[in-house]
Every structure is written in structure tokens, then in C-alpha cells.
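Geometric and topological summary
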Amino acid sequence: SVYRDMERDTAWYDSRMARQQAMERYVAAHIDEAVEKGWIHVFYQPVIRTVTDSICSMEALARWIDPQHGMLRPAEFIPVLEKTKQIIKLDKYMVQSICQEYESRINQGKTVLPVSFNLSRYDLLVEDMVDFVDEQAKKYRVPKDMLYVEITESVLMDDRDVIYETIEKFHQLGYAVWMDDFGSQYSSLNLLKDYDFDEIKLDMDFFSTFSDKSRKIVKSVVSMAKRLHTHTLAEGIETEEEYRFLKSIGCEKVQGYVLARPDSYDRILEAMQKRKLPVEMRKDKGLYEK
Ligand code: C2E
Ligand code: MG
Ligand code: MG
Ligand code: MG
């Protein structure tokens, strides 16, 4: 009967909720151990410049490879850590690992690219996050223009003054700041008016349907960004057709499965090499491929 089905659904829902809550408790209880024991890994996803079809940067994305539960995706641990404010621990670890990996690649004569990384709301409310990033960059001799800070649109709604100051501080020190997930909230346009971003990442929701209408919206956003002298990057791009369209309307950069899924630094570069996609070299930085 319908009633029995409902009952079964409720039971299924309850057990799913219970599992999720157990997972949240596990994550909150084990983040310190995960960091200390190296269960947190930095995965990278390449970004391509559409004019030249060359790889111009990588986004660092956290993966938790748990000895008991296998690979956890950010959706399974980032929201919990944000709730408990332990996200600061994770993100500091990410920043340190990115800088450390950068230096070690340089020492091994390996290719390096600028890396963008994600910061959450609490990171920005903690005063020393900007200094922390700058310290790590200095410690591992990462040039400032090889690190980009990504801030998701939704954090810009609250605590505007503090967040505004934090962005300014990153700028004063010489770090570029990108707006992540642009268009996923209702007041995106207002945010562009109030904050200075070096680049905006168009949310993948724009591309969930590749309709005539969504193409028109994307085209308008790209031309508006150009007028504001802000660069545009479309994320979550999965097909060649979407890529060609974005290239044709002058969207400067693209990121998505069409190029690669997040993976280790070396595996990404190998995959790009196989596809004959050149990597932009920064000769001014003394960085050469060996
Ligand atoms: P995000 O910063 O917007 O990152 C893009 C997400 O889209 C990544 O998911 C990426 O794997 C996924 N993606 C990329 N290309 C495609 C595509 O073509 N199709 C689809 N369907 N998805 C694609 P991921 O790695 O699961 O991360 C999810 C979110 O978790 C990130 O969204 C970011 O907000 C957050 N996050 C990830 N790593 C960190 C971190 O180290 N610190 C913080 N604070 N947040 C992080
Ligand atoms: Mg991001
Ligand atoms: Mg995003
Ligand atoms: Mg996001």
C-alpha cells in the first residue's frame, strides 16, 4: 500500500540521515588525525586559456583518503568542517601543502603552474589567514603571482566589512582574488559592484542546460565582465561543444571534465601532454621544463 511504501521510505530516509550524521561526527572527530597522518591530499584540476588552447593554471581541491572509508569528497567533509570551524585547520594544511609541493617541484626541475585555492567564510574571518598564506609563500619561495585566492560568492553576503578588508589585504600584498561560483546566488551583480575581483568563475549551473537562453545569458555575463575589466573563467565544462562556444564568445578560460577530472599534479600534466595541450611556461620566473 501507499502507506507501507511511505513507511519504508521514511525508514530509508532515517537510516540515510543516521549514516550521514555518523559520517559528520567521524569527520569532526578525525580531522586532526587526517591532517597529521596525511589522509588529506591536494588534487589539481587544470584550467585552459581559450585563445591559445594552453594550460594556464590549476585549481587545488581537497580529497580525504580515509583508511577506513576510502575517498571522501569535499561535499562529505567541507560542510561539516565549516559548521565546526575546523575548516581553518584543513585550509591552512591545503595552503601549506600547495606551497611545499610547489617548492619541491621547482627543486626537481618539474613544471609548475599558478595554483588557485578555495577559502571558506571562517578562513576570511580569521585575521591571520592572509598573513598565513603570505608566510607559507615566503617560506617555500612561491612567487605571489603563482597563487590565486578563490572566494565563493555566497560568503560575500555576510560580514561584508571583514571580508572586504580581507580581500583588500590580499590585494595589497599582491595576491589575485577570484570570485568562485558566480551566478549561483541571487545578488551576484551587486557583489561585482561592491568588491574588486581579478577574475570571476561562472558557476557550472549556467551550463546545466546548454540552451539558447543560457548561451545568451553567458554571453552577456562575459561581455559585462569585460567592461568591468574582469577576466572570466567558465567552470564545470564537460563537452567540446560548450568549449567551442565559450571560445567563440571570448570567455578567456575554461575548467571542467572536458579537460580533466581533478587528480595528482603529475597525472594531470601527463594527461595534458598526451592530448598535446601545451603548458604556459613562466620564463620570467626562471621556471623551465627540464
Ligand atoms: P568549487 O571550488 O566550485 O570547485 C569545483 C568543483 O566542481 C569541484 O568539486 C570539481 O571537482 C567539480 N568539477 C570540475 N569540473 C567539473 C565538471 O565538468 N562537471 C562536474 N559535474 N563537476 C566538475 P569538488 O572537488 O568535489 O569540490 C566541491 C567544492 O568543495 C568546491 O567547489 C569548493 O567549494 C569546496 N572545496 C574543495 N576543496 C576545498 C578546500 O581545500 N577548501 C575549501 N574551503 N573548500 C574546498
Ligand atoms: Mg573553487
Ligand atoms: Mg566553483
Ligand atoms: Mg563551490
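Coordinates for the structure precede this section.
The numbering scheme is per chain: residues are counted from 1 as the chain's sequence reads. Chain letters start at A and ligand numbers start at 1, both assigned in the order the entries are written. At least 70 in pLDDT is required for a residue's local features to be given in this predicted model, at least 80 for side-chain atom pairs to be given and counted, and no such filter applies to totals for whole chains, interfaces and linings, which use all residues. Heavy atoms from the whole structure form the basis of all side-chain values; hydrogens and water molecules are not counted.

Observations regarding the packing of helix α5 (residues 128-139) against helix α6 (residues 160-173)
- Between α5 and α6, the shortest axis-to-axis distance is 9 Å and the interhelical angle comes to 25 degrees. By the criterion of interaxial angle, the relationship of α5 to α6 is roughly parallel. As for the relative orientation of α5 and α6, their crossing is right-handed in sense. The segment α5 lies against α6, with Val-130, Asp-131, Val-133 and Asp-134 engaging Thr-166, Lys-169, Phe-170 and Leu-173.
- Its residues assigned to classes, the contact of α5 with α6 shows four nonpolar, one polar and three charged. Helix axes use the C-alpha atoms of the stretch in contact, all axes being lines fitted to C-alpha atoms, and the angles between their N-to-C directions lie in the range 0 to 180 degrees. Runs of E in the DSSP output that reach at least two residues are strands. Runs of H or I that reach at least four are helices, and both are numbered from the N terminus. An angle below 35 degrees is treated as roughly parallel, one above 145 as roughly antiparallel, one from 65 to 115 as roughly perpendicular, and anything else as oblique. Crossing handedness is defined as follows: a turn of the near helix away from the far one that is anticlockwise and smaller than a right angle gives a left-handed crossing, while the clockwise case is right-handed. Between two residues, a contact is recorded if the distance between any of their heavy atoms is within 4.5 Å. Under this grouping Gly is polar, as are all residues other than the nonpolar Ala, Val, Leu, Ile, Met, Phe, Trp, Tyr, Cys and Pro and the charged Asp, Glu, Lys and Arg.

Here's the deal with the packing of helix α3 (residues 87-107) against α5
- Running from N to C, α3 and α5 cross one another at 20 degrees; their axes reach a closest spacing of 9 Å. By the angle class used here, α3 and α5 are roughly parallel. Viewed along their axes, α3 and α5 form a crossing whose handedness is right-handed. Contacts between α3 and α5 involve Asp-91, Lys-92, Val-95, Gln-96, Cys-99 and Glu-103 on the former and, on the latter, Asp-128, Met-129, Phe-132, Val-133, Gln-136, Ala-137 and Lys-139.
- A breakdown of the residues in the contact of α3 with α5 according to their chemical character gives six nonpolar, two polar and five charged.

A look at the pairing of strand β8 (residues 231-235)
- Whether a residue is buried, partly exposed or exposed follows from its accessible area with a 1.4 Å probe, protein chains only, as a fraction of its type maximum: under 20%, in between, or over 50%, in that order. The buried fraction of β8 is high, at four of five residues.
- As judged from the four bridges shared by strand β7 (residues 199-202) and β8, these two strands associate in the parallel manner. Looking at the pairing, Ile-200 lines up with Thr-232 of β8.
- Between β7 and its parallel partner β8, the chain crosses via helix α8 (residues 212-227), and the hand of that crossover is right-handed.
- One requirement defines pairing of two strands: DSSP has to find at least two bridges between them. As paired elements, β8 and strand β9 (residues 253-255) share three bridges and run parallel to each other. Looking across to β9, one finds that Leu-233 is bridged to Lys-253. Here is how to tell: hold the view so the strands point away, follow the path from the first strand over the helix to the second, and if it runs clockwise the crossover is right-handed.

Re the pairing of strand β6 (residues 176-182)
- Counting buried residues along β6, six of its seven residues qualify, which places the element largely inside the surrounding structure.
- Where strand β5 (residues 147-152) and β6 come together, five bridges link them in parallel fashion. When the bridges of β6 are listed, Thr-152 appears paired with Asp-180.
- Where the polypeptide runs from β5 across α6 and back to β6, its parallel neighbour, the crossover connection is right-handed.
- Bridge analysis of β6 against β7 gives three bridges, and the strand direction is parallel.

Quick notes on the layout of surface pockets
- The distinction between a cavity and a pocket rests on a 1 Å grid over the protein atoms alone: a 1.4 Å probe fits inside a cavity but cannot get out, while a pocket stays open yet meets protein on both sides within 12 Å along at least five of seven lines, and a residue with an atom within 4 Å of a point counts as lining. Grid points are joined across faces, edges and corners, and a volume is the space filled by probe spheres set on the points. What the largest pocket holds in volume is close to 950 Å³.
- If you go around the largest pocket, you meet 37 residues; those closest to its centre are Glu-59, Leu-61, Pro-74, Asn-118 and Asp-180.
- Of all the elements in the fold, those that place two or more residues in the lining of the largest pocket are β2 (54-66), α2 (74-84), α3, β4 (115-119), α4 (121-125), β5 and β6.
- Grouping the amino acids of the lining of the largest pocket by side-chain chemistry returns 17 nonpolar, eight polar and 12 charged.

Considering the coordination of the magnesium ion (ligand 3)
- Ligation of the magnesium ion (ligand 3) by protein atoms is provided by Asp-180 (OD), Asp-181 (OD), Glu-235 (OE) and Glu-235 (OE), these donors lying 2.0 to 2.8 Å from the ion.
- Linear spacing of the donor residues for the magnesium ion (ligand 3) on their chain is D-D-x53-E.
- Coordination shells were defined by N, O and S atoms within 2.8 Å of each metal, extended to 3.2 Å for Na, K and Ca; water is absent from the atom set, which can make sites look incomplete. A separation of 4.0 Å is found between the magnesium ion (ligand 3) and the magnesium ion (ligand 2), both of which receive a donor from Asp-180.

Observations concerning the nonpolar core
- To define a nonpolar core, start from buried Ala, Val, Leu, Ile, Met, Phe, Trp, Tyr and Cys residues and group those joined through side-chain atoms within 4.5 Å. Of all hydrophobic cores here, the largest spans 85 residues; its most connected members are Trp-64, Leu-90, Leu-156 and Leu-246.
- Ranked by residue count, the leading element in this core is α3, at nine residues.
- Discounting chain neighbours no more than four positions away, the residues touching Trp-64 are Tyr-26, Val-27, His-30, Ile-31, Ala-34, Trp-39, Ile-40, Gly-70, Met-71, Leu-72 and Phe-77.
- Membership of the second largest hydrophobic core comes to six residues, among which are Cys-56, Tyr-148, Ala-176 and Trp-178.

Topic: the site of ligand 1
- Put simply, a residue is near a molecule or strand once any heavy atom of it comes within 4 Å of that molecule or strand. Around ligand 1 sit 23 residues, and of these Asp-91, Ser-120, Asp-180, Glu-238 and Tyr-257 come closest.
- Whenever two N or O atoms come within 3.5 Å, that pair is a polar contact, provided that in protein one can donate a hydrogen and the other can accept it, and provided that, for residues adjacent in sequence, both atoms are side-chain atoms. Gln-45 is positioned with one of its side-chain polar atoms (N or O) 3.0 Å from a nitrogen atom of ligand 1.
- With respect to ligand 1, the side chain of Glu-59 contributes an N or O atom lying 3.1 Å from an oxygen atom.
- Note on areas: Shrake-Rupley with a 1.4 Å probe; residue coverage comes only from the protein chains shown. When ligand 1 sits alone it has 800 Å² of accessible area, and the protein chains cover 84% of it.
- Placement in a cavity or pocket follows one criterion, namely that more than half of the molecule's atoms lie within 2 Å of its grid points. Spatially, ligand 1 is embedded in the largest pocket.
- Of all the elements in the fold, those that place two or more residues in the shell around ligand 1 are β2, α2, α3 and β6.
- Per-class residue counts for the shell around ligand 1 are 10 nonpolar, five polar and eight charged.

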